[in-house]
Amino acid sequence: MAGHPPIPTDSPGHSSWVRIAHWIVSLSFLTLVFSGYVILMCHPRLYWGEVGNDLTPALVELPISRNHRHGGWERHGAFSQDAPAVVSASRTYEIFNENSWGRSLHFLAAWFLVLPGAIYLLVGLCTGHFWRHLWPRVGQLTPGQIWRDLVDHLRLRIRPATGGPQYGLLQKCAYCAVVFLALPLAVLTGLAMSPAITAGYPLLGSLFGGYQSARTIHFVVAVVLVLFLIVHVAMVVRSGFKRQMRAMTLGRKA
Amino acid sequence: MKSRHLLTRRKVLLAGLAAVGGLLLPGCTKKLPPTYGNILRMGDVLTYGAQRVLLPGQSLAKEYSSRDITSFPAVGTVNPGDPDHPRCSETYRRLQERAFADWHLSVEGLVARPGFYSLADLKRFPARTQITRHTCEEGWSAIAEWTGVPLGQVLQTAGILPEARFVSVYSYDDLADSIDMLDAFHPQTLLAYGMNGHDLSVPHGAPVRLRIETQLGYKSVKYLARIVVTNEFDDGGEKGNIQNGWSWYAGI
C-alpha cells in the first residue's frame with residue numbers, strides 16, 4: 001500500500017443521517033431496479049423522440065420477454081390515403097404485462113428515493129459534508145494522481161476501510177457522479193415521462209428530447225447505476241466487508 | 001299509549017341522527033380512492049394527492065402539428081361486438097350493425113337534467129380538435145388528432161350540481177372508471193368521436209371514447225355507454241381499475 005497517505009485514526013465515522021439515507025435509498029433503488037425491469041419487460045423496445053410503438057422502428061430491442069418480438073399484429077391499414085405509412089393494427093397475441101403492481105411498486109419506491117434523497121442533499125449541503133468529504137479537491141485532480149488511483153483500482157490494490165468518509169480520488173468522483181448526476185437524472189427523466197407533470201411543466205417534457213428519449217435515458221442511467229452498485233459492493237468486499245458494513249450500519253464507534 | 005309515544009320519539013331521533021349523519025358523511029369520506037389496506041394503493045393515493053397539491057391545475061398537455069401524427073396500435077378491447085371477445089356485448093353488436101345510428105350516451109347522476117345524447121347531439125356542440133400524444137402504461141406512445149366535445153361542456157349542459165366530485169364512465173366492453181372534477185373539466189378532456197379526420201374506428205373506441213390527455217392511455221376509456229356524476233368515490237367494483245390491481249390515478 002505504498003504511496004497512500006496513512007489512515008487517520010481519529011477521523012470521524014459516517015454520520016447517522018448519512019447511514020440512514022444510505023440504506024433507505026439502497027432499498028428503494030433495489031426495488032426500483034426490480035420493478036423497472038418488470039415494467040421494461042412489458043415493452044422492451046427503446047426509441048428516441050416523443051413517439052415509439054410496435055408499428056414504428058425501435059432504436060434498441062431488448063430480448064427480455066416474449067413481447068420483444070413485435071410480430072403478431074393484424075393490420076387495419078392506413079388512417080388516410082395521404083399518409084399510407086401512418087397505420088393502425090391490433091395484437092394477435094397475449095402480451096406479458098405485470099405493470100399493474102409493477103408500476104405502483106415503482107412509484108411507491110420512488111417516493112423513498114425522492115424524499116430522503118432531497119433531505120440528504122439539503123443536509124449534506126448545509127453541514128458541509130459534501131464539501132469536506134465528497135467533492136474532489138482541485139489540487140487532487142491531476143492526471144498523475146488520477147492515473148495512479150486508476151492503476152491501483154485495476155490491480156485491486158484497494159485501501160483498507162477507515163470506517164468513515166475518508167474517500168480516495170476515484171471514490172469521490174464516483175460518489176459525486178451518483179449523488180449529483182445519475183440519481184437526479186434518473187428522477188428527472190422519470191418525471192419527464194408523466195403526462196400530468198409534463199403538462200404542468202412543459203420544459204421538463206422537452207428537456208430530454210421527448211417522452212421516449214426520456215424513457216431511453218432513464219434506462220441507460222439505471223444500467224449505469226447498477227454497474228456502479230456492482231463495483232461499489234466489490235470495493236466494499238475488497239476493503240474489508242465486515243468493517244465497512246459495521247461502519248455504515250451501527251457507526252464506527254460501535 | 002305513553003310507550004308508543006316514547007317509541008315514536010326514539011324513532012324520530014334515530015331518523016334525525018341518520019339524516020344528519022347522511023349529510024355529514026359524504027362531506028368527509030370517500031373523496032380519495034380506497035386503499036383496502038394495500039401499500040401499493042397507498043402509494044397511488046400519495047402520488048395523486050401530491051400531484052393535485054403541487055401541480056398547476058388544468059395546464060394543457062402538449063399539442064403537436066399534423067406532421068407529427070404517427071402509427072397507432074389499437075390495444076385492449078378492439079371490438080366489443082366480436083362474439084369471440086370475452087366481454088362481448090350483444091347491444092354493441094346491434095349498434096354497430098346500424099352504424100351507431102341508435103347509439104346514445106346516457107348522462108345521469110348529480111345533474112339537473114339527466115338524459116340521452118345521440119352522436120348527432122354531441123356533434124351539435126362546438127367541437128374541439130387536438131393533436132396529442134397517447135402514452136400507454138405498457139411503455140409505448142403515439143400521436144393522433146382527436147375531435148370531440150369537451151366533457152365539461154356536456155356536463156354543464158346537463159346542469160352538473162355543485163356537490164359533484166367524480167365523473168364515472170361505463171363502457172360497452174364492460175369497464176367502469178372515473179375521474180375527478182379537475183380532469184373532467186380539463187379543456188382537453190373530450191368525448192371524442194373523430195380520429196385523424198375520420199369517424200372514430202371500432203378498434204379505437206367507436207362511436208365515442210374519452211380522451212384524458214393528462215393521464216395514461218388506459219384512462220381514455222373506449223366504447224362509452226354511460227356517464228354518471230357522483231359525489232362519492234366509486235371504485236367500479238370488479239369492472240374498475242383498483243380491484244384489478246391498477247392505480248385509479250394515472251397522471252403518474
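Structure shown above.
Per chain, residues are indexed from 1 in the order of the written sequence. Working convention: letters from A go to chains and numbers from 1 go to ligands, in the order in which they are written. Local features are withheld for residues below a pLDDT of 70 in this predicted model, meaning they are given only at 70 or higher, and side-chain atom pairs are given and counted only at 80 or more; totals for whole chains, interfaces and linings count all residues. The side-chain quantities take in all heavy atoms of the structure and omit both hydrogens and water.

Moving on, we get to the overall build of chain A. Helix numbers and strand numbers start at the N terminus; a helix is a DSSP run of H or I with at least 4 residues, a strand a run of E with at least 2. Counting secondary structure elements, chain A contains nine helices and four strands. Along chain A, helices (α) and strands (β) appear in the sequence α-β-β-β-β-α-α-α-α-α-α-α-α when read from the amino end. Against the compact-globule benchmark of 18 Å for 254 residues, chain A has a radius of gyration of 23 Å, which places it well outside the compact range. Seen through its C-alpha atoms, chain A measures out along the principal axes to roughly 75 × 35 × 30 Å. We take the radius of gyration over the C-alpha atoms and set the globule estimate at 2.2 Å times the residue count to the 0.38 power.

Every contact between the two is made by 42 residues of chain A and, on the other side, 52 residues of chain B. Summed over both partners, the accessible area (1.4 Å probe) lost when two parts come together is defined as the buried area. Interface area lost by chain A to chain B is led by Phe79, Trp111 and Pro195 of chain A, which between them contribute 17%. The working definition used for a salt bridge is a side-chain nitrogen of Lys or Arg within 4 Å of a carboxyl oxygen of Asp or Glu. At the boundary of chain A with chain B, the tally comes to three salt bridges. Under the rule applied, a polar contact is a pair of N or O atoms within 3.5 Å (in protein, one hydrogen donor and one hydrogen acceptor; residues adjacent in sequence only if both atoms are side-chain atoms). Linking chain A with chain B are 28 residue pairs in polar contact (both at pLDDT 80 or more). Contributing elements (two or more residues each) for the side of chain A that touches chain B: α1 (16–42), β3 (73–78), β4 (87–91), α2 (99–126), α6 (195–200) and α8 (211–238) of chain A. Contacts: residue pairs with any heavy atoms within 4.5 Å of one another.

With that settled, the discussion passes to the environment of Gly77 of chain A. Residue and element names in this part refer to chain A. Inspection of the secondary structure assignment puts Gly77 in strand β3. Remark: the alpha-carbon pair of Gly77 and Val87, spanning 10 residues in sequence, is separated by 5.3 Å. Leaving out residues up to four positions away in the same chain, Gly77 has contacts with Val87 and Ser88.

Further remarks concern the pairing of strand β7 (residues 176–180) of chain B. Consecutive side chains of a regular strand alternate in pointing toward one face of the sheet and then the other. All names here are of chain B. Across the five residues that make up β7, a large majority, five, are buried. The cut-offs for exposure are 20% and 50% of the maximum accessible area for each residue type, with area from a 1.4 Å probe on protein chains only; residues under the lower value are buried, those over the upper are exposed, and the others partly exposed. Here β7 shows no split at all, with Ala176, Ser178 and Asp180 on one side and Asp177 and Ile179 on the other all buried. In textbook terms, the turn of a hairpin is the stretch between consecutive antiparallel strands, and for strand β6 (residues 166–171) and β7 this stretch comprises four residues, one of which, Asp174, has a positive phi near 70°. Any two strands are treated as partners once DSSP identifies two or more bridges connecting them.

Residue position: Asn196 of chain B is located in the loop between β8 (190–195) and β9 (198–199). Residue classification places Asn196 of chain B among the buried positions, given a relative accessible area of 12%. Leaving out residues up to four positions away in the same chain, Asn196 of chain B has contacts with Phe79 of chain A together with Ile69, Ala144 and Glu145 of chain B.

Our focus in this paragraph is a nonpolar patch on the surface. Residues and elements named next belong to chain A. Nonpolar side chains collect at one region of the surface, where Ile20, Ile24 and Phe112 lie side by side and expose about 280 Å² of accessible area between them. If you trace the backbone, Phe112 turns up in helix α2. Judged by its relative accessible area of 46%, Phe112 is partly exposed. Each patch is built from residues that are more than 30% exposed by relative accessible area and take part in no salt bridge. Like charges join if they lie within 9 Å; nonpolar side chains (Val, Leu, Ile, Met, Phe, Trp, Tyr) join within 5 Å. We get accessible surface area from the Shrake-Rupley algorithm with a probe of 1.4 Å; when it comes to residues, only the shown protein chains can shield them.

Among buried residues, those of type Ala, Val, Leu, Ile, Met, Phe, Trp, Tyr and Cys that are joined through side-chain atoms within 4.5 Å constitute a nonpolar core. In terms of nonpolar packing, the biggest core is built from 37 residues, with Trp103, Leu122, Leu151, Leu191 and Ile227 of chain B touching the most fellow members. Counting residues per element, the ones that place at least two in this core are α3 (90–97), β2 (104–109), α4 (119–124), α5 (151–157), β6, α6 (181–184), β8 and β11 (224–230) of chain B. No other element matches β11 of chain B, which puts four residues into this core. Within the second largest apolar cluster, 27 residues are counted, among which are Ala109, Leu113, Ala182 and Ala196 of chain A.

Let us now look at the sheet that holds strand β1 (residues 72–74) of chain B. Here three strands make up an open sheet; going across it, the order is β3(A)-β4(A)-β1(B) and the pairing mixed. Unpaired on one side and paired on the other, β3 of chain A together with β1 of chain B mark the two borders of the sheet. For this sheet the average axis-to-axis angle between neighbouring strands, irrespective of direction, equals 25°. Here three bridges tie β4 of chain A to β1 of chain B, and the two strands are oriented parallel to one another. Looking at the pairing, Ala89 of chain A lines up with Pro73 of chain B of β1 of chain B. In this analysis an axis means a line fitted to C-alpha atoms, helices contributing only their contacting stretch, and an angle means the value between N-to-C directions, from 0 to 180 degrees.

Time to look at the pattern of salt bridges. The full count for this structure, using the stated rule, is 18 salt bridges over all chains. Across the pair Glu61 of chain A and Arg45 of chain A runs a salt bridge, and its minimum N-O distance is 2.4 Å. Highlighted residues: Glu61 of chain A in strand β2 (residues 60–61) and Arg45 of chain A in strand β1 (residues 45–46), separated in sequence by 16 residues. Notably, a salt bridge pairs Arg98 of chain B with Asp102 of chain B, separated by 3.0 Å at the nearest N-O pair. A single network of salt bridges, built from pairs that share partners, joins Arg45, Asp54 and Glu61 of chain A.

Residue and element names in this part refer to chain A. Direction vectors running N to C along α2 and helix α5 (residues 169–191) enclose 150°, while the axes themselves pass 12 Å from each other. With respect to α5, the element α2 is oriented roughly antiparallel. Like other packed secondary-structure pairs, α2 and α5 cross with a definite hand, here left-handed. Contacts from Leu113, Val114, Tyr120 and Leu121 of α2 reach α5 at Val179, Phe180, Leu183 and Val187. When residues are sorted by character, Ala, Val, Leu, Ile, Met, Phe, Trp, Tyr, Cys and Pro go into the nonpolar class, Asp, Glu, Lys and Arg into the charged class, and all the rest, Gly among them, into the polar class. Residues that form the contact of α2 with α5 fall into these classes: eight nonpolar, no polar and no charged. When describing relative orientation, an angle under 35 degrees is termed roughly parallel and one over 145 degrees roughly antiparallel, while 65 to 115 degrees is termed roughly perpendicular and anything else oblique. Left-handed describes a crossing in which the near helix is turned anticlockwise from the far one by less than a right angle; the clockwise case is right-handed.

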